[in-house]
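Inside the fold
So the chains spell out like this:
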Amino acid sequence: MEQIMLYEQDIVNALCLFHAHKKEVEAEDVQVELLYDDDYGFSAEVHVGGRKQVLIEANLIEAIRFYLDNHMNINSISAGLELVLDDEEGIVANVTIR
C-alpha cells in the first residue's frame, strides 16, 4: 500500500475542479474556503457566480475522489481517504492507495 498526502491547496483544487465540472463553469470561476468546526467537522464554502453553497465532509470526499480519478490517474474506488486537521499544514487528506 502506498500513502500520499493531499495538502490544503490540493483539496481546494479538487473542490474547484469538481464544482466547475458539476456547474459547467471554469474552475477559475470557483472560490473555495475550507472550514473545520469541533462540532460539525470538515466542510467548505463554495462561491460561484455570486451564489454560496456549503459542502459537508461527504462532498469533500466526493470531490477528492473525482480529483484522484481525473487528475492524478489514481483509482479512487480502492483508495482509502481520511481528512485530518494538522497543526502545521491545516486541513489535509491522507490517501491510502491499495
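The sections below set out a description of the structure shown in this document. Please read these numbers as outputs of a predicted model, since none were measured by experiment. (Residues numbered from 1 in each chain as written. Predicted model: local features only at pLDDT ≥ 70, side-chain atom pairs only at ≥ 80, totals over all residues. Heavy atoms only, no water.)

**Focus on the environment of I4**
Our working definition: Note on conventions: DSSP H or I runs of at least 4 residues are helices, E runs of at least 2 residues are strands, and numbering of each starts at the N terminus. Residue contacts are counted whenever heavy atoms from the two residues lie within 4.5 Å of one another.
Position of I4 among the secondary structure elements: in strand 1 (residues 2-6). In sequence terms I4 and V32 are 28 residues apart; their C-alpha atoms lie 22 Å from each other. Aside from chain neighbours lying at most four places away, what touches I4 is M72, I74, A93, N94, V95 and I97.

**Looking at the pairing of strand 6 (residues 90-97)**
Residues in a regular strand project their side chains so that they alternate between the two faces of the sheet. Keep this limit in mind: Relative accessibility decides the category of a residue: with a 1.4 Å probe and only protein chains considered, values under 20% of the type maximum give buried, values over 50% give exposed, and everything between is partly exposed. Strands qualify as paired when DSSP identifies two bridges or more between them.
Most of strand 6 is tucked away, with eight of its eight residues classed as buried. As paired strands, strand 1 and strand 6 are joined by five bridges and run antiparallel to one another. Across the sheet, the residue bridging to M5 is N94, located in strand 6. Counted along the chain from strand 5 (residues 79-86) to the antiparallel partner strand 6, the turn is three residues long.

**Points about unusual backbone geometry**
Unlike most non-glycine residues, E24 shows phi in positive territory, near 55°. Here E24 shows up in the loop between helix 1 (8-23) and strand 2 (30-37). Judged by its relative accessible area of 74%, E24 is exposed. In this structure, N73 takes a positive phi of about 55° despite not being glycine. Of note, N73 is situated in the loop between helix 2 (57-71) and strand 5. You can call N73 exposed: its relative accessible area is 71%.

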